Each structure stands twice: as C-alpha cells, then as structure tokens.
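# Summary of structural features
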Amino acid sequence: MFGFSLSKLVVLAALIAAVWYGLRWVQRRQQMQGDAERDRVEGGQASSSQDLVACTRCGVFVSADAKPSCDRADCPL
C-alpha cells in the first residue's frame, strides 16, 4: 500500500518540479510588475522637475532651460 514504486517517485518528482517552477514564475512576474511600477513612478517624477535659477536683483526663480527672464525691465537675466 505505501510501497515506493518507480511510477510514484516519478509523479512525485514531477509535482515537486511543477510547484518549484510555478513559484519561480510567480516571483519573476511580481518582480517585473514591481520594476514596471517603479519605472512609472520614477519617470513621472523625473519629467516634472526643473532646474531653477534665482534672479540676482529681484530674487524671482526662473527656469534654467527656458529664456531666463523675470519680466522686469531692470532684470539682468
């Protein structure tokens, strides 16, 4: 009844291998979803930030990439 036959051992090994590879697949899938989420969040933050430069005369911050001007006639920028 509880004897070890070759067919039972093969089926047991196949079940263990299926569970092992199934768990690895689930872990890889979760890691890929986490990486995609992190890339989405980091990409959103990187695109919304800008470097700013302060005007020496009036102290207004203007974008360093755009034409620097604080819209004042006496502004040195």
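Treat the numbers as computed from the prediction; the structure is a model and nothing was measured.

### Quick notes on the overall build of the protein chain
Of regular secondary structure, the protein chain possesses one helix and two strands. Its helices and strands taken in sequence order, the protein chain reads α-β-β from the N to the C terminus. For the protein chain, the residues scored as buried account for 6% of the 77 residues in total. When the accessible surface of the protein chain is split by element, carbon and sulfur atoms take 61% of a total near 6900 Å².

### Structural notes on the pattern of salt bridges
Inspection of the entire model under this criterion finds one salt bridge. Here Arg38 and Asp35 are joined by a salt bridge, their closest N and O atoms 2.9 Å apart. Of the two residues, Arg38 and Asp35 are both situated in helix 1 (residues 6-48); the distance of three residues between them amounts to about one turn of the helix. Judged by its relative accessible area of 45%, Arg38 is partly exposed. Judged by its relative accessible area of 27%, Asp35 falls in the partly exposed class.

### A few points about the confidence of the model for the protein chain
The predicted model of the protein chain averages 80 in pLDDT, with 77% of residues at 70 or higher. In the model of the protein chain, strand 2 (residues 61-63) stands out as the element of lowest mean pLDDT, 78, in contrast to helix 1, which has the highest, 86.

### Describing a nonpolar patch on the surface
Residues Phe4, Leu9, Leu12 and Ile16 make up a contiguous nonpolar surface patch of roughly 460 Å² in combined accessible area. Position of Ile16 relative to the elements: it lies in helix 1. Of the residues examined, Ile16 reaches a relative accessible area of 53% and is grouped as exposed.

About the cut-offs
- Counting starts from 1 at the beginning of each chain's written sequence and moves along it residue by residue.
- At least 70 in pLDDT is required for a residue's local features to be given in this predicted model, at least 80 for side-chain atom pairs to be given and counted, and no such filter applies to totals for whole chains, interfaces and linings, which use all residues.
- Hydrogen atoms and water are omitted, and side-chain values are computed over all heavy atoms in the structure.
- Runs of E in the DSSP output that reach at least two residues are strands. Runs of H or I that reach at least four are helices, and both are numbered from the N terminus.
- Each residue is assigned to one of three classes by its accessible area relative to the maximum for its type, calculated with a 1.4 Å probe on protein chains only: buried under 20%, partly exposed between the two thresholds, exposed over 50%.
- We get accessible surface area from the Shrake-Rupley algorithm with a probe of 1.4 Å; when it comes to residues, only the shown protein chains can shield them.
- Basic side-chain nitrogens of Lys or Arg form a salt bridge, by our definition, when they fall within 4 Å of a carboxyl oxygen of Asp or Glu.
- Each residue gets a pLDDT score, which is the predictor's confidence in that residue and runs from 0 to 100.
- Residues form patches when they are more than 30% accessible in relative terms and have no salt bridge. Like charges link within 9 Å. Nonpolar side chains (Val, Leu, Ile, Met, Phe, Trp, Tyr) link within 5 Å.

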